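Read off the chains here:
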Amino acid sequence: MVEDGTGTWPLRDSERVIAGNAALLGRTHQLVAMTRVRNEALILPDTLDYLSSHVDAIIAYDDASTDETVDMLRAHPKVALIVANQAWERDVDARKRAEGRHRGLLLEMARAQVPHDWMFCFDPDERETGDVRRHLYGLDAECDALRVRLFDAYLTPEDQAPYTSDQELLGFRKYYGPEQRDILMFWRNREGIGFAQGDGRTPRGMTAVKTDLYCQHYGKSLSVAHWEETCDYYVQHFPYETYGAKWEARKGKAVHIESDFGNPLHEWGEALFAQAVAMPSQK
């Protein structure tokens, strides 16, 4: 039975489905990935190549990109389907509510056209560091979802050269904040798991969730210019009280000697994990 509140979402007039690699459709896959993107042309080539080593197929929701994101998605052999939205939602509250619908739509399409055992819900600026497929298939059958421990990478005085699209993002930065967010990224394709209006990146309906693996998050560390763009994005497009004010105060402070929360930075590895500070799970 499907969890209360979840449901089906028809395509809107502003949305169209773009076929990717048709050979991926109608076959059962072990691991499929889904994502929402907007103007990710800088990191998308590496993101898609990185994912290709882990997943069998990718489906994506493009939220009115104005760069080459859609063309890049369409051209990659691991991308099966794209939902391309051509009308950017300017109302902050409406756009936030739409996150659940976007992911719910992708999940419905995946179940119908790209059948799978596991779903991987990712953001383009994230890099998991372990053997994802091997880990998932080593889980007990009772476990139906997996949270991943996420840490932010930072620009520092000695490591602030901007990311360029010909580089690998995994391991790109040297230092990370100890703040750990446990993000639900993987779930089995089981009846009852689904998205409802207003959900973020986490579906509902799981009964047994485990936390394991590690993830590097690069949203704060691609370049000084990208940091300033990120600050402006949150100020302009998110609720000011909960997001905008915090990011407005961060303008001009891209390069760090400590984390945004005042904690020492660490190189990636056991020393970082040993100093982990638990944070709310929303990224």
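Before reading on, note that the structure itself is shown above.
The residue count restarts for each chain, going from 1 along the sequence in the order it is written. Reporting of local features is limited, given that this is a predicted model, to residues whose pLDDT is at least 70; pairs of side-chain atoms are given and counted only at 80 or more, and all residues count toward the totals for whole chains, interfaces and linings. Heavy atoms throughout the structure, all of them, feed into the side-chain values; hydrogens and water do not.

A. Quick look at the packing of aromatic side chains. For Phe, Tyr and Trp, rings pair up if their centres lie within 6.5 Å, where Trp contributes its six-membered ring, and each pair is then called stacked (planes under 30 degrees apart), edge-to-face (over 60) or tilted (otherwise). The full count for this structure, using the stated rule, is 18 aromatic pairs. On the numbers, 6.4 Å between centres and 25° between planes, the contact of Phe151 with Tyr214 is stacked. Taken together, the residues span a long stretch of sequence, with Phe151 in strand S7 (residues 145-154) and Tyr214 in strand S10 (residues 209-217) at a distance of 63 residues. Its relative accessible area of 0% is what places Phe151 among the buried residues. With centroids separated by 5.5 Å and ring planes inclined at 65°, the aromatic side chains of Tyr233 and Phe238 adopt a geometry described as edge-to-face. Looking at Tyr233, the relative accessible area reads 31%, which means it is partly exposed. A network of ring pairs unites the aromatic residues Phe151, Tyr176, Tyr214, Tyr218, Trp268 and Phe273 as a single cluster. Residue placement shows Arg149 over the ring face of Tyr214; its charged tip is 4.9 Å from the ring centre. Put simply, a charge is over a ring when the Lys NZ or the Arg CZ is close to the ring centre, within 6 Å, and near the line of the ring normal, within 35 degrees. Here the basic side chain of Arg250 rests over the ring of Trp247, its NZ or CZ set 4.5 Å away from the ring centre. We count a stretch as a helix when DSSP gives it H or I for four or more residues in a row; a strand needs E for two or more, and each element gets its number in order from the N terminus. Accessibility here uses a 1.4 Å probe with only protein chains present; expressed as a share of the type maximum, an area under 20% marks a residue as buried, one over 50% as exposed, and anything in between as partly exposed.

B. Seen up close, the pattern of salt bridges. Should a side-chain nitrogen of Lys or Arg be within 4 Å of a carboxyl oxygen of Asp or Glu, the pair is scored as a salt bridge. According to the stated counting rule, one finds 18 salt bridges in the structure shown. A salt bridge links Arg36 to Asp63, with the nearest nitrogen and oxygen atoms 3.7 Å apart. In this pair, Arg36 sits in strand S2 (residues 29-37) while Asp63 sits in strand S3 (residues 57-63), placing the two residues 27 residues apart along the sequence. The two residues Arg36 and Asp63 agree in class, both being buried. Asp199 is the salt-bridge partner of Arg204, the closest N and O atoms lying 2.7 Å from each other. Taking the relative accessible area as the measure of exposure, Arg204 reaches 30% and is therefore partly exposed. Three or more residues joined by partner-sharing salt bridges are found here, namely Asp152, Arg181, Lys220, Arg250 and Asp260.

C. Fine view of the pairing of S7. The element S7 is extensively covered by neighbouring structure, given that 9 of its 10 residues are classed as buried. With 6 bridges joining them, S7 and strand S9 (residues 179-188) adopt antiparallel strand pairing. Bridged to Arg149 within S9 is Asp182. Strands pair, by our definition, only if DSSP identifies at least two bridges between them. Here S7 runs beside S10; their pairing, made up of 7 bridges, is parallel. Looking at the pairing, Phe151 lines up with Gln216 of S10. Bridge analysis of S7 against strand S8 (residues 175-176) gives 2 bridges, and the strand direction is antiparallel. If you follow Tyr154 over to S8, its bridge partner there is Tyr175.

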